[in-house]
Amino acid sequence: VGVASEGLEKYKDDLLWGEKIKIIQSVALNIRNAETAYFENWSYSILQSNKCTLPIFPCRECFNKTMSPSHLRLVANPHLSKLREEINKKIIHSTENHFLVVPNIIDIAKDYYDEFLKLNLFYFSEIENIPVLFCKIHNKVKP
């Protein structure tokens, strides 16, 4: 997060286009890495707790799927999840998707940075009534 913060401080409208792109990509990558680590650690801590015995989970696979980093991200902060998709598409994987990273895309990177910092990074939030994602077996016959 520190590198992303430094990048945002260095970003100026009068920078050369190439410098702007480097900063935007640095901000996007660093926040995505920090955000990925946060949700992976959160998921890992839940999965290690072995609370899949709760009646809402028909099996361990349903529990694992429900408590995956991507599902936790979507439930905890849907806007962050949407911004992550945009960051991946428009900045990080832009050349694969035939997009040109343009300097005005900094707004998406800033929004992603701000949204990530809204999370309480000191502890994982309690999520009540998380929608259960069913595994392939239980998706066909929901309990």
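Here the structure is a predicted model, which means the values were calculated and not measured. (Residues numbered from 1 in each chain as written. Predicted model: local features only at pLDDT ≥ 70, side-chain atom pairs only at ≥ 80, totals over all residues. Heavy atoms only, no water.)

Time to look at the packing of helix H5 (residues 78-92) against helix H6 (residues 106-117). Running from N to C, H5 and H6 cross one another at 145 degrees; their axes reach a closest spacing of 10 Å. Between H5 and H6 lies a crossing whose hand is left-handed. Side by side, H5 and H6 meet where His79, Leu80, Leu83, Arg84, Glu86, Ile87, Lys90 and Ile91 of the first sit next to Ile108, Ala109, Asp111, Tyr112, Glu115 and Phe116 of the second. Per-class residue counts for the contact of H5 with H6 are eight nonpolar, one polar and five charged. (Axes fitted to C-alpha atoms, helices over the stretch in contact; angles between N-to-C directions. Helix = DSSP H or I, 4+ residues; strand = E, 2+ residues; numbered from the N terminus. Left-handed = near helix turned anticlockwise from the far one by under 90°. Contact = heavy atoms within 4.5 Å. Nonpolar A, V, L, I, M, F, W, Y, C, P; charged D, E, K, R; others polar.)

Attention now moves to the packing of helix H2 (residues 17-49) against helix H4 (residues 69-76). In contact at an axis separation of 8 Å, H2 and H4 are set at 105 degrees when each is read in the N-to-C sense. It follows from the interaxial angle that H2 and H4 lie roughly perpendicular. Taken together, the residues of H4 that come into contact with H2 (itself represented by Glu35, Thr36, Phe39, Glu40, Trp42, Ser43 and Ile46) are Pro69, Leu72, Arg73 and Ala76. Considering only residue class, the contact of H2 with H4 consists of six nonpolar, two polar and three charged. (Parallel < 35°, antiparallel > 145°, perpendicular 65-115°, else oblique.)

Our next topic: the pattern of salt bridges. Taken as a whole, this structure holds five salt bridges when the rule is applied. Across the pair Arg73 and Glu35 runs a salt bridge whose closest N-O atoms are separated by 2.0 Å. With a gap of 38 residues between them, Arg73 in helix H4 and Glu35 in helix H2 connect regions that are remote in the sequence. The pair Arg73 / Glu35 is uniform in exposure class, with both members buried. Across the salt bridge formed by Lys118 and Glu115, the nearest N and O atoms sit 3.2 Å from each other. Judged by relative accessible area, Lys118 falls into the exposed class, the value being 61%. (Salt bridge = Lys/Arg side-chain N within 4 Å of Asp/Glu carboxyl O. Buried < 20%, exposed > 50% of the residue type's maximum accessible area, 1.4 Å probe, protein only.)

We now examine H5. Taking 1.5 Å per residue, 15 residues should reach 21 Å; H5 reaches 20 Å between its end C-alpha atoms and fits that length. At its buried positions, H5 is contacted by H2, H4 and H6. (Expected span 1.5 Å × (residues − 1).)

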